[in-house]
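# Observations on the three-dimensional arrangement
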2 protein chains.
Amino acid sequence: MTQTPIDTSTEAPPGTPVRWLDAEQQVAWRALLTGTSVLFDALGRDLEHGAGLSLNEYEVLVRLSEAPGRVLRMSVLAEELVHSRSRLTHTISRMERAGLVSRCSSAQDGRGVDCMLTDAGRAQLEAAAPVHVASVRRRLVDVLTRDQLLALGAAFSQIDEEVRSHFG
Amino acid sequence: MTQTPIDTSTEAPPGTPVRWLDAEQQVAWRALLTGTSVLFDALGRDLEHGAGLSLNEYEVLVRLSEAPGRVLRMSVLAEELVHSRSRLTHTISRMERAGLVSRCSSAQDGRGVDCMLTDAGRAQLEAAAPVHVASVRRRLVDVLTRDQLLALGAAFSQIDEEVRSHFG
DNA sequence: CCTCATTACTACAACGTTCAACTACTCGTT
DNA sequence: AACGAGTAGTTGAACGTTGTAGTAATGAGG
């Protein structure tokens, strides 16, 4: 577990010393890696079984419900969800087929497409919300102290900022 | 995605005692949600561009390199990586085709299959490791204080433990 | 030594995501 | 007004993951 996978002496290319992680750092990083995987698996299962929605679909509904007029441009939605345009198009196509959202080309900009939350979509969201909130509490919020949760949020905000500052 | 109506007990009539998240909790949860997404996207990109491996494949190589004799049973590997058996079979099939691992049926238990790291796989891992460690440092470890990182690890350990205690 | 249950893995089909075109529209130039 | 550059969104193929069977080896009870 704390054993270095590779003999560092044979590893480092000459002239480029690699700053390996020490034991504590490695344990923390592994816990993060498997912990996020386990957490999101559980949240996804809970939501899927309890409300017939994937986490992605749920997030789409939430963002639309928060938007003025329950309408958002596809590009804005994609950016908020950190999804590719293509991915969002496919997701929205499925959700439109299911009657949760509807699309129409933007009046202001002929290139753009507005995505709107339908009444059925809003109903689905309202049914799903308590299930999802309970799940997030059970798996995450109620497992940690308030300070732990806020520290987690702060840490990921820093990480997010750093990544975006270096790319996209 | 089925049209099956939600059980009415999960439907929230006005006044149902749902313990919603307060503003701070919600901000933290959202930061975690998008932060992990942004982080793993970046780590995956870095590794893919720098060493031609996906994060999953890298993790497979790491686990095998740490195992005695560089051999692990498929089921053990699947459990360590928190992947379904099916998913691991596909991943290993691709990696075997690429020459990174090899499979042979276990001598001890005729039902089992042993997965072994090949020399080529080890070479690939040794080439990828410095790239990946640098990436993890840049995106995560060096962005946080040591205490922040350890706190993150501790929090996810707790979450992991909670989830597993309630399910599989 | 059958048989039935269990364990371990694979095969196939359905689904979601990514990548690389492609269409349609807008805006700044000339 | 017409061109070209840039932006917005869609499409389809390829790829990876998941879920549902299905096969093969093992082990316990009759």
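Being a predicted model, the structure only gives us computed values, none of them experimental.

Thresholds applied
Residues numbered from 1 in each chain as written. Chains lettered and ligands numbered in written order. Predicted model: local features only at pLDDT ≥ 70, side-chain atom pairs only at ≥ 80, totals over all residues. Heavy atoms only, no water. Near = heavy atom within 4 Å. Polar contact = N/O pair within 3.5 Å; in protein donor to acceptor, adjacent residues only side chain to side chain. Contact = heavy atoms within 4.5 Å. Buried area = accessible area lost by both parts, 1.4 Å probe. Salt bridge = Lys/Arg side-chain N within 4 Å of Asp/Glu carboxyl O. Helix = DSSP H or I, 4+ residues; strand = E, 2+ residues; numbered from the N terminus. Nonpolar A, V, L, I, M, F, W, Y, C, P; charged D, E, K, R; others polar. Least-squares fit on C-alpha atoms with pLDDT ≥ 70 in both. Phe/Tyr/Trp six-rings, centres within 6.5 Å; stacked < 30°, edge-to-face > 60°. Buried < 20%, exposed > 50% of the residue type's maximum accessible area, 1.4 Å probe, protein only. Expected span 1.5 Å × (residues − 1). Axes fitted to C-alpha atoms, helices over the stretch in contact; angles between N-to-C directions. Parallel < 35°, antiparallel > 145°, perpendicular 65-115°, else oblique.

Our focus in this paragraph is the protein's contact with DNA strand C. Around DNA strand C, a shell composed of 19 residues is seen, among which A:Asn56, A:Ser86, A:Arg94, A:Arg111 and B:Val113 lie nearest. Backbone atoms, meaning sugar plus phosphate, form 75% of the atoms of DNA strand C positioned within 4 Å of the protein. At 2.8 Å, a side-chain N or O of A:Asn56 approaches a phosphate oxygen of DNA strand C. Within the side chain of B:Thr89, a nitrogen or oxygen atom sits 3.2 Å from a phosphate oxygen of DNA strand C.

A few words on the interface of chain A and chain B. Contact residues are listed per partner, giving 71 residues for chain A and 67 residues for chain B. Note on chain A versus chain B: buried area summed over both sides is about 6900 Å², and carbon and sulfur give 64% of it. Between B:Arg146 and A:Asp22 there is a salt bridge, and its shortest N-O distance comes to 2.5 Å. If you look at where chain A meets chain B, you find 13 residue pairs in polar contact (both at pLDDT 80 or more). Looking at the side of chain A that touches chain B, the element that brings in the most residues is helix α2 (residues 23-51) of chain A, giving 21 residues. A per-class count over the side of chain A that touches chain B returns 36 nonpolar, 14 polar and 21 charged.

Looking now at the relation of the copies chain A and chain B. At an RMSD of 0.1 Å, chain A and chain B line up after a rotation of 180° and a shift of 0.0 Å along the axis. The transformation relating the two chain copies, once decomposed into turn and shift, fits a two-fold axis. Measuring from the rotation axis to each C-alpha of chain A, the shortest distance belongs to A:Leu152, at 3.2 Å. The residues that chain A uses at the interface reappear at the interface of chain B in 85% of cases, marking a shared surface.

Next up on the list: the packing of aromatic side chains. Summed over all chains, the structure comprises three aromatic pairs over all chains. With centroids separated by 6.3 Å and ring planes inclined at 85°, the aromatic side chains of A:Phe156 and B:Phe156 adopt a geometry described as edge-to-face. Of this pair, A:Phe156 sits in helix α7 (residues 146-166) while B:Phe156 sits in helix α6 (residues 146-166), which puts the two residues in different chains. Grouping residues by exposure puts A:Phe156 and B:Phe156 together as buried.

Right, let's get into helix α2 (residues 55-66) of chain B. Residue and element names in this part refer to chain B. Taking 1.5 Å of rise per residue, the 12 residues of α2 would be expected to cover 16 Å, and the 17 Å separating its terminal C-alpha atoms lies within 8% of that figure. Most of α2 is tucked away: 10 of the 12 residues are buried. Restricting attention to buried positions, one finds in α2 the residues Leu-55, Glu-57, Tyr-58, Glu-59, Val-60, Leu-61, Val-62, Arg-63, Leu-64 and Ser-65.

Describing two packed helices takes the angle between their axes plus the distance from one axis to the other. Put simply, helix α6 (residues 119-141) of chain A and helix α1 (residues 23-51) of chain B touch, their axes get as near as 13 Å, and they point 80° apart. Relative to α1(B), α6(A) is oriented roughly perpendicular. Taken together, the residues of α1(B) that come into contact with α6(A) (itself represented by A:His132, A:Val136, A:Arg137, A:Leu140 and A:Val141) are B:Gln25, B:Trp29 and B:Leu32. Class assignment for the residues of the contact of α6(A) with α1(B) results in five nonpolar, two polar and one charged.

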